[in-house]
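# Structure assessment
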Amino acid sequence: MKFSKLLTMTCVVLVAVNANAQDSLFAPPVNYAAGDSPVSVFSADFDGDNDNDLAVANVGSDNVSILLNNGDGTFAPAVNYGVGDQPHSVFSADLDGDNDNDLAVANYESHNISILLNNGDGTFAPAVNYGVGYFLTSVFSADLDGDNDNDLAVANHNSNNVSILLNNGDGTFAAAVNYGAGDFPRSVFLADLDGDNDNDLAVANYWGYNVSILLNNGDGTFAPAVNYGVGYLSWSVFSADLDGDNDNDLAVANNDSDSVSILLNNGDGTFAPAVNYGVGNGPRSVFSADLDTDNDNDLAVVNYFSDNVSILLNNGDGTFAPAVNYWVGDAPWSVFSADLDGDNNNDLAVANWSGNVSILFNLTSYICGDIDASDAVNVADLTYLVDYLFFGGPPPPVMEAATVDGERSRADAICRIEYPVARKRAISHRSSILI
């Protein structure tokens, strides 16, 4: 084969690979085993090594799985800690004031909260339980009474209220005080909604088809709920600045209407009517973070019945582009976004009812076609690729990030190697070189 033809074909490969990666924000999932029927995932640094680990609540095995990060976005096998019956939600924060991340777990069937204090190394003391309402589905921690420790808010699905447990300052908690919400509250989120520098409550109500807003009086007590309509069977609520005006808006995942509702804040803790965006089938969790590194908050929504996560990129003004879907595990229930592989962009962790956690690496910072890892696509990349694909030359430098089968240890292996390796296989079988 003439070299000019080889060069043309290689250019086609580089262009096709680059275009493919630009269209794909996330790499295919890598799955890690957790307990039985995981329904909630949270990421934080548990062992003090400055990377983000995972905590997973397993409703079927009555425990929480801790998966410590190896530092590159791969994870050690799960270590499990017992909690109450049917844990539905896990949240991590410093609860005892010793500067490490502890765990709070909402237990659906035993009607209590389990507190697991961190030993400082990513191992945890046995659970201490606190009674609250009936059939707990969500827990969130933040400072509610202005004393600089982290308190708890809990959604009680079958008692139509939210429990507030104030921290005694040492990771023990006062008795729950309950506040009415809507019908069958499913999810709770704490954020400053009215701009007065304390944390208010947003509650997604499953049967109420609405979200309840309870404004903080400044001392950890709350005003009566004000309700705003959203979609059908509201399952999850998240608060972030979505339209760039420095107040906290709301996103609500609606399980039965296959949509996410956006409620923009008027600046005073009241909200404009919901605007709905279609996602997958059976959305059960929504998370907001900057996913495409353009300094606004996008949305990730996991869809239980369609086994995928919908990504809705922010147009910069609180409106969103149509959803782009990525496959995850079977029956995904919860999503969390954090930098898992240390490349300064936000990856995804998804808890799948099928017994595992899917990790999807963000490809934003990788340049496809950058075969020699020089942070640019140039003639040197062509030289490496021609030599490797057609003349049996040595693997290019970034080959160290993946095996010859294209399995990746980091997201750059997907972008820089997997497609060229796939092309090599295609050529060897005399298949088309085009993607």
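### Quick notes on the overall build of the protein chain
Secondary structure summary: the protein chain contains three helices and 28 strands in total. The burial tally for the protein chain puts 58% of its 435 residues in the buried class. Taking contacts inside the protein chain between residues at least 6 apart in sequence as the whole, the part at least 24 apart equals 44%. Total accessible area on the protein chain is roughly 16500 Å²; 50% of this is exposed by carbon and sulfur atoms.

### Description of the sheet that holds strand β12 (residues 161-165)
The antiparallel open sheet is built from four strands, whose spatial order is β10-β11-β12-β13. The open sheet has two free edges, formed respectively by β10 (136-142) and β13 (177-180), since each of these has just one partner strand. Each adjacent strand pair in this sheet contributes to an overall mean axis angle of 25°, direction not counted. Note: β12 against β13, four bridges, orientation antiparallel.

### A look at the environment of D249
With respect to the helices and strands, D249 occurs in strand β19 (residues 249-254). Judged by its relative accessible area of 0%, D249 falls in the buried class. The spacing of D249 and N266 is 17 residues in sequence and 8.7 Å in space, taken between C-alpha atoms. When sequence neighbours within four positions are dropped, the list of residues in contact with D249 reads F238, S239, A240, D241, L242, D243, L263, L264, N265 and F271. There is a polar contact of 2.7 Å between the side chain of D249 and the backbone nitrogen of L242.

### What to know about the environment of D343
Counting through the fold element by element, D343 comes out in the loop between β26 (332-338) and β27 (347-352). Residue class for D343 comes out buried when judged on its relative accessible area of 13%. Along the sequence, D343 and F361 sit 18 residues apart, while their C-alpha atoms lie 9.8 Å from each other.

### Some thoughts on the packing of aromatic side chains
One pass over the full model with this rule turns up 23 aromatic pairs. Ring centres of Y81 and F124 lie 5.6 Å apart, and the angle between their planes is 80°; on these two criteria the pair is classed as edge-to-face. Of this pair, Y81 sits in strand β5 (residues 79-82) while F124 sits in the loop between β8 (112-116) and β9 (128-131), and the two are 43 residues apart along the sequence. In this pair, the class of Y81 matches that of F124, namely buried. Summarising the aromatic geometry, the rings of Y108 and F135 are spaced 4.9 Å apart at their centres and angled 50° between planes, so their arrangement reads as tilted.

### Focus: unusual backbone geometry
Its identity is not glycine, yet N197 carries a phi of approximately 70°, on the positive side. With respect to the helices and strands, N197 occurs in the loop between β14 (185-191) and β15 (200-205). One non-glycine residue, A331, lies in positive phi territory at about 60°. In this structure, A331 sits in the loop between β25 (324-327) and β26.

### So, the pairing of strand β23 (residues 298-303)
Of all six residues making up β23, six are buried, and the element is well covered by its neighbours. Alternating residues of β23 divide into D298, A300 and V302 and L299, V301 and N303, and every residue in both groups is buried. The pairing of strand β22 (residues 283-289) with β23 spans six bridges and is antiparallel. For S288, the partnering residue across the bridge sits in β23 and is L299. Across five bridges, β23 lies against strand β24 (residues 308-312) in antiparallel orientation. Bridge pairing in β24 links N303 to N308. Hairpin geometry of β23 and β24 is characterised by an intervening segment of four residues between the two adjacent antiparallel strands and by a positive phi of about 55° at D307.

### A short note on a nonpolar patch on the surface
Where nonpolar side chains cluster on the molecular surface, the patch consists of W207, Y209 and Y232 and spans about 340 Å² of accessible area. Relative to the helices and strands, Y209 is located in the loop between β15 and β16 (210-214).

### What to know about the sheet that holds β9
Within a sheet, each strand pairs with its neighbour through backbone hydrogen bonds, oriented either parallel or antiparallel. Strands sit in the order β6-β7-β8-β9 across an open sheet of four strands; the sheet is antiparallel. Of all the strands in the sheet, just β6 (87-93) and β9 have a single pairing partner and so form its edges. Each neighbouring strand pair of the sheet contributes to a mean axis angle of 20°, computed without reference to strand direction. Both β6 and strand β7 (residues 102-107) contribute to a ladder of six bridges, which runs antiparallel. Considered in β7, the bridge of V90 is made with V105.

### Focus: the environment of V188
Summarising the element assignment, V188 is placed in strand β14. We classify V188 as buried; its relative accessible area is 2%. The spacing of V188 and N205 is 17 residues in sequence and 9.2 Å in space, taken between C-alpha atoms. Excluding its chain neighbours within four sequence positions, the residues that come into contact with V188 are S138, V139, F140, A153, V154, A155, V162, L201, A202, V203 and V237.

Here is what the cut-offs are and how they apply
- Numbering of residues starts from 1 in each chain and follows the order in which that chain's sequence is written.
- This being a predicted model, a pLDDT of at least 70 is required before a residue's local features are given, and a value of 80 or more before pairs of side-chain atoms are given or counted; all residues contribute to the totals for chains, interfaces and linings.
- The side-chain values count all of the structure's non-hydrogen atoms but skip hydrogen atoms and water molecules.
- Secondary structure counts use DSSP, requiring at least four H or I residues in a row for a helix and at least two E residues in a row for a strand, with both numbered from the N terminus.
- Residue exposure (1.4 Å probe, protein chains only): buried if accessible area is under 20% of the type maximum, exposed if over 50%, otherwise partly exposed.
- Only heavy atoms matter for contacts: two residues are in contact if any of them lie within 4.5 Å across the pair.
- Per-residue and other accessible areas follow the Shrake-Rupley method at a 1.4 Å probe size, with only the shown protein chains counted as cover for residues.
- Two strands are said to pair when DSSP picks up at least two bridges between them.
- The convention used is that axes are lines fitted to C-alpha atoms, helices contributing only their stretch in contact, and that angles between N-to-C directions extend from 0 to 180 degrees.
- In the analysis that follows, any N or O atom pair within 3.5 Å is treated as a polar contact, provided that within protein one partner can donate a hydrogen and the other can accept it, and provided that, for residues neighboring in sequence, both atoms belong to side chains.
- Between the rings of Phe, Tyr and Trp (Trp by its six-membered ring), a pair exists once the centres lie within 6.5 Å; its type follows the angle of the planes, with under 30 degrees stacked, over 60 edge-to-face, and the other angles tilted.
- Candidate patch residues must exceed 30% relative accessible area and have no salt bridge, after which like charges are joined if within 9 Å and Val, Leu, Ile, Met, Phe, Trp or Tyr side chains if within 5 Å.
- One side-chain nitrogen of Lys or Arg within 4 Å of one carboxyl oxygen of Asp or Glu is enough to make a salt bridge.

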